[in-house]
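Residue-level listing of the chains:
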Amino acid sequence: MNNQPHNDLKSRLLADFRTSEERMNGASKSALHQIRREALNQFDRLGFPTVKHEEWKYTNVNSLIKEVFEFNAPSAITLEDLAQLESSQLNGNVLYFVNGQYQPQLSKIVSPADQLSITTLAEAVKNTPDLLNQYFAKYADFQDNAFTALNTAFASEGVVIHVPAHTTVEAPTILRFISDARQMNVASQPRNLFIVDQNAEVKVAESFRTLGDQASFTNVVTEIVVAEDARMEYYKIQNESDMAYHIGTTQVYQQDRSHFYSATVTLDGGFIRNNLNIALDGSNCEAHMYGLYFPNGRQHIDNHTLVDHRKPNSHSNELYKGILEDRSTGVFNGKIFVRQDAQKTNAYQSCKNVVLSNDATMNTKPQLEIFADDVKCSHGTTTGKLNEEALFYLQSRGIPKTEAQSLLMFAFAEDVIKKIKIDPLREQLERRIQAKLAR
Amino acid sequence: MLTISNLQASIGSKEILKGINLEVKPGEVHAIMGPNGSGKSTLASVLAGREDYDVTGGSVLFEGKDLLEMAPENRAAEGIFLAFQYPVEIPGVSTTNFLKTAMNEIRKYRGQDPLDAVQFLKLMKEKMKLVNIDQSLLSRSLNEGFSGGEKKRNEIFQMAMLEPKLAILDETDSGLDIDALRIVAEGVNQLRSPERATIVVTHYQRLLDYIVPDYVHVLYKGRIVKSGPKELAFELEEKGYDWIKAEVETV
Ligand SMILES: Nc1ncnc2c1ncn2[C@@H]1O[C@H](COP(=O)(O)OP(=O)(O)OP(=O)(O)O)[C@@H](O)[C@H]1O
Ligand SMILES: [Mg+2]
């Protein structure tokens, strides 16, 4: 054992786990808990990653693991507190979690239960153990990812959504995760599971926000299964504070002819790592991934995506865009695997960045590993400054420089934002982007 | 209206404008001709306020104000318009979308109330007819995938919308078919008035049949080496530039 300070968070977590286990009595023998224990042991073996780890080269979790957090801290959040977050008003299912705990008094579920089953993870453990046994922790790998292992070990709250076969759910669902960091450093580990059964269709958004300026740490894992002929829209929206740490993994498993359509928009957040992993384990699938990140100050935003083409005739398409200001840093790492069986794969990837300051840094790494011979793949990354010629053109028409710059950056961002098909969500993001550009 | 005195400009260590003198009075049309690379677009860019060029000497007064001190957007607000030789493509920004911002910024500068959506649309319709341009083109990303002629026509449309006091047209005629040329010329002539002036940069006498200039200047190696009446354009069309180059070398 080495005694470096970064092991503190780890040893605290290990101790917490044992304490909670002691209080569980009989429940500690459940299948679910066996998975948790296995994950904990794996977390213990792996430890937090260092920059020597290839996947964490540009994202140093050192300062995160030096912080002391209160996990699942109580919060006395009121409707007035929520109002100051100016969230979009959605006609749909809205579920609030504050510091990891479900807030039924703030939430509303409008979809009829026979169309859409939405429960908290805690309820699902009690009411639908078979469903959990079938799907929980079957997709998000915790063997190699310490944060996923940690989340799995402590998985106790989050949302389980099940859309029954042949059901189209019109109302969108938004999960709002709020870190209430007004009193102390807080941490939460939401764990979500979405199952879209055969030929069903659903739209789900996850939103992450912070109240207050103490530090917060969110370690979220979402597993998504899109069965044969099913269609899912998935949005992850992050507007967190400069003191927020966020590590998230969204693991998607697609079967034959399924469609998965996603956008990950990170407008603010101190230290962010998003993993979006898609396994195309069916033929004639489609996966669309859009992303926008807009760090300023000293914010750090890292997006890792992985598309694993396992079967023939599927199509994946990815567009990530970044605007970097001040001393911010961005990372894009996009992996595409095309396995030997995945003939006739079409895979496109593009990452475009505008770096607005000399002190901002963008690291991009596209990785294509292709083992099939009849495939169409392309990828490209660009990182540049603002187009000076375009800026001059607009100025020469009478638009002041700062406005011209906003106009250009908004158009750049809009390319991704327009892909969001939930109107109030998109419009709210457009307003936030305008506001951030006008700062 | 516009007084350019001994204007010198360079890019990096390269001297491009080596002492330009030009006086443009309200109501006048000046044509600037000259071989490739002589500095015509540079002059236009410096007048519009492009920052890539260092002005190393001389002065430019526009209606008595020091133009070189002004930001490009303020020059536009003062009434200067440049129709670019190579209009830039701006993905995601349509003509309609930026032009309304531009017009209202200019109106703000002049202390006028902003146009509302209805007034703006009405004005647009009117000017669209004038330059025979299609709404669909104005709603597309600016210049992205536009044909050469469409780009030029869009420049003239913007000019018609902004109604500048001094329009500088940098080779707006190149790449235009005869009909488009006539339309562009009409757009310019519609704006002609005793208060407004135009500088037309062109390689072809043809345009000057439609936009009849009061003066023709020849720019060569960063200097205006010859000026004359509109007949000078015919002479250039006929004889090329060699005789002028020879004149310059012997001096
Ligand atoms: N950004 C630049 N960097 C380097 N050289 C430049 C730049 N802009 C202009 N020049 C040079 O300055 C000179 C004048 O260019 P300019 O574009 O003004 O010529 P022009 O008279 O408009 O030519 P044309 O008739 O071909 O349009 C040319 O030699 C050109 O290469
Ligand atoms: Mg030129």
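Throughout, residues of each chain are indexed from 1 in the direction in which the sequence is written. Chain letters and ligand numbers both follow the written order, the letters beginning at A and the numbers at 1. The predicted origin of the model limits local features to residues at a pLDDT of at least 70 and limits the giving and counting of side-chain atom pairs to 80 or more, whereas totals for whole chains, interfaces and linings rest on all residues. Side-chain numbers here rest on the full set of heavy atoms in the structure, without hydrogens or water.

Side note on the sheet that holds strand 19 (residues 346-355) of chain A
Residues and elements named next belong to chain A.
Then comes step 1: Pairing between two strands requires that DSSP report at least two bridges joining them. Strands are runs of DSSP state E lasting at least two residues, helices are runs of H or I lasting at least four, and both sets are numbered from the N terminus onward. Taken together, the ten strands give an open sheet; going across it, the order is 3-2-6-9-11-13-15-17-19-21, and neighbouring strands pair in mixed fashion. The open sheet terminates on both sides in strands that have one partner only, identified here as strand 3 (101-102) and strand 21 (376-384).
Then comes step 2: Note that strand 15 (residues 286-293) and strand 17 (residues 315-324) share eight bridges and pair parallel. Among the inter-strand pairings, Y293 is bridged to a residue of strand 17, identified as G322.
Then comes step 3: Between two residues, a contact is recorded if the distance between any of their heavy atoms is within 4.5 Å. Fitted lines through C-alpha atoms give the axes, limited to the stretch in contact for helices. The angle between two N-to-C directions lies from 0 to 180 degrees. The strands that helix 10 (residues 423-438) touches are strand 6 (173-180), strand 9 (201-211), strand 11 (231-239), strand 13 (259-268) and strand 15; relative to strand 13, the one it contacts most, it runs at about 30 degrees.

Observations concerning the site of ligand 1
All names here are of chain B.
Then comes step 1: By nearness alone, 15 residues border ligand 1, and G37, K40, S41, T42 and H203 come closest of all.
Then comes step 2: At 3.3 Å from a nitrogen atom of ligand 1 is found a side-chain nitrogen or oxygen belonging to Y53.
Then comes step 3: Note on areas: Shrake-Rupley with a 1.4 Å probe; residue coverage comes only from the protein chains shown. If ligand 1 stood free it would expose 630 Å²; the protein chains cover 66% of that surface.
Then comes step 4: Those elements giving two or more residues to the shell around ligand 1 turn out to be strand 2 (14-24) and helix 1 (40-48).
Then comes step 5: A per-element tally of the shell around ligand 1 places helix 1 first, with three residues. A cutoff of 4 Å decides nearness: a residue is near a molecule or strand if any of its heavy atoms lies inside that distance of it. Polar contact is the term for a pair of N or O atoms within 3.5 Å; when the atoms are in protein, one must be able to donate a hydrogen and the other to accept it, and sequence-neighboring residues count only if both atoms are side-chain atoms.

Examining the coordination of the magnesium ion (ligand 2)
Residues and elements named next belong to chain B.
Then comes step 1: Water is not part of the atom set, so a site may look incomplete; the donors themselves are N, O and S atoms within 2.8 Å of the metal, or 3.2 Å for Na, K and Ca. Summarising the metal site, the magnesium ion (ligand 2) is bound by the protein donors S41 (OG) and Q85 (OE1), whose distances to it range over 2.0 to 2.1 Å. Remark: Q85 occurs in the loop between strand 6 (80-83) and strand 7 (90-94) and S41 occurs in helix 1; sequence separation between them is 44 residues.
Then comes step 2: Summary of the burial criterion: residues with accessible area below 20% of their type's maximum are buried, those above 50% are exposed, and those between are partly exposed, where the area comes from a 1.4 Å probe applied to protein chains only. Residue S41 is classed as partly exposed on the basis of its relative accessible area of 24%.

Observations regarding the confidence of the model for chain A
Then comes step 1: Mean pLDDT over chain A works out to 94, with 98% of the residues at or above the 70 mark.
Then comes step 2: Note on scores: pLDDT gives the predictor's confidence for each residue, bounded by 0 and 100. Overall, residues 1-6 of chain A carries pLDDT values under 50, and its contacts beyond four positions in sequence, including any with other chains, amount to five contacts.

Here we look at the packing of helix 9 (residues 401-417) of chain A against helix 10 of chain A
Each pair of packed helices can be described by the angle between their axes along with the distance between the axes.
Residues and elements named next belong to chain A.
Then comes step 1: At a minimum axis separation of 10 Å, helix 9 and helix 10 run at an interaxial angle of 150 degrees. The pairing of helix 9 with helix 10 is recorded here as roughly antiparallel in orientation. Seen along the crossing, helix 9 lies across helix 10 with a hand that is right-handed. Contact residues: S406, M409, F410, A413, E414 and I417 in helix 9; R426, L429, E430, I433, Q434 and L437 in helix 10.
Then comes step 2: Residues are sorted three ways: Asp, Glu, Lys and Arg are charged, Ala, Val, Leu, Ile, Met, Phe, Trp, Tyr, Cys and Pro are nonpolar, and all the rest, Gly among them, are polar. Looking at the contact of helix 9 with helix 10, its residues break down into seven nonpolar, two polar and three charged. The cut-offs work like this: below 35 degrees is roughly parallel, past 145 is roughly antiparallel, 65 to 115 is roughly perpendicular, and the gaps in between are oblique. Should the near helix be turned counterclockwise from the far one by less than a right angle, the crossing is left-handed, whereas a clockwise turn marks it as right-handed.

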